[in-house]
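Per-entry structural report
Chain residues, written in single-letter form:
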Amino acid sequence: MPGLDSLGKMLLVFGGVFILLGLLFIMSTKAPHLGRLPGDLVFHKGSFTLYFPLVTMLLVSMGLTLLINLVLRLFRC
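Position numbers for residues count from 1 along each chain, tracking the sequence in the order it is written. Side-chain atom pairs in this predicted model are given and counted only at pLDDT of 80 or more, local residue features only at pLDDT of at least 70, and totals for whole chains, interfaces and linings cover all residues. Where side-chain values are given, they derive from all heavy atoms of the structure, hydrogens and water being excluded.

This part is about the overall build of the protein chain. Note on conventions: DSSP H or I runs of at least 4 residues are helices, E runs of at least 2 residues are strands, and numbering of each starts at the N terminus. Helix and strand content of the protein chain: two helices and two strands. Starting at the N terminus and walking to the C terminus, you meet the elements of the protein chain as α-β-β-α. All radius of gyration figures rest on C-alpha atoms, and the globule criterion is 2.2 Å times the number of residues raised to 0.38. Over its C-alpha trace the protein chain gives a radius of gyration of 18 Å, far above what one expects of a compact globule, namely 11 Å for 77 residues. The principal-axis extents of the C-alpha atoms in the protein chain amount to approximately 65 × 20 × 20 Å. Across the 77 residues that make up the protein chain, the buried fraction comes to 6%. Residue pairs in contact within the protein chain that sit at least 24 positions apart in sequence constitute 16% of those at least 6 positions apart. Exposure is judged per residue with a 1.4 Å probe applied to protein chains only, and the accessible area is read against the type maximum: over 50% gives exposed, under 20% gives buried, and values in between give partly exposed. Whether two residues are in contact is decided by their heavy atoms: any pair within 4.5 Å suffices.

If you want it as structure tokens, here you go:
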């Protein structure tokens, strides 16, 4: 059927992304500074703690953007 080849490629890409995310979550406990970078904000007020990993989110966002752009360029026909 026409169109199923692109669906198959898309499913492979999403599967690869999920595998990479799973590996990232497994290995994130072993990364010593991930989540405690300079620029990650922590506020303490009594028994309340607010943690906002600003720099970590920016680095993860840039990494995922580069990865997605690379994958899309590889699968562009």
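Next comes the rest of the description.
Within the secondary structure, Asp40 sits in the loop between helix H1 (4-28) and strand E1 (41-45). Positive charges are assigned to Lys and Arg, negative charges to Asp and Glu, while His and the chain termini are left out of the count. Each salt bridge in this description consists of a side-chain nitrogen of Lys or Arg and a carboxyl oxygen of Asp or Glu lying within 4 Å of one another. One buried charged residue, Asp40, remains without a salt bridge, the closest side chain of opposite sign being Arg36 at 7.9 Å. Pairs of N or O atoms are called polar contacts if they sit within 3.5 Å, as long as, within protein, a hydrogen donor faces a hydrogen acceptor (for residues adjacent in sequence, only side-chain-to-side-chain pairs). Polar contacts involving the side chain of Asp40 include one to the main-chain amide nitrogen of Val55, which spans 3.0 Å. Among residues more than four places away in sequence, those in contact with Asp40 are Gly35, Tyr51, Phe52, Pro53, Leu54, Val55 and Thr56.

The next point concerns a nonpolar patch on the surface. Nonpolar side chains collect at one region of the surface, where Leu41, Phe43, Phe48, Leu50, Phe52, Leu54, Met57 and Leu58 lie side by side and expose about 730 Å² of accessible area between them. Elements with a minimum of two residues in the nonpolar patch: E1, strand E2 (48-52) and helix H2 (54-74). Patch members must show over 30% relative accessible area and no salt bridge, and they are joined within 9 Å when carrying like charges or within 5 Å when they are nonpolar side chains of Val, Leu, Ile, Met, Phe, Trp or Tyr. For accessible areas, the Shrake-Rupley method is used with a probe of radius 1.4 Å. Any residue's cover is judged against the shown protein chains and nothing else.

Both faces of the sheet carry side chains from a regular strand, because those side chains alternate between them. Note: two strands are recorded as paired if DSSP finds a minimum of 2 bridges between them. Taken together, the five bridges between E1 and E2 define a ladder with antiparallel strand orientation. The residue bridging Leu41 from the neighbouring strand is Phe52, located in E2.

A few words on the environment of Gly15. Within the element layout of this structure, Gly15 appears in helix H1. Assessed through its relative accessible area of 29%, Gly15 is described here as partly exposed. Counting along the chain gives 15 residues from Gly15 to Lys30, while the straight-line C-alpha distance between them is 24 Å.

Tracing the backbone through its elements, the reader meets Leu64 in helix H2. Accessibility expressed as a relative area gives 35% for Leu64, which makes it partly exposed. With 47 residues separating them in the primary sequence, Leu64 and Val17 have C-alpha atoms 9.6 Å apart.

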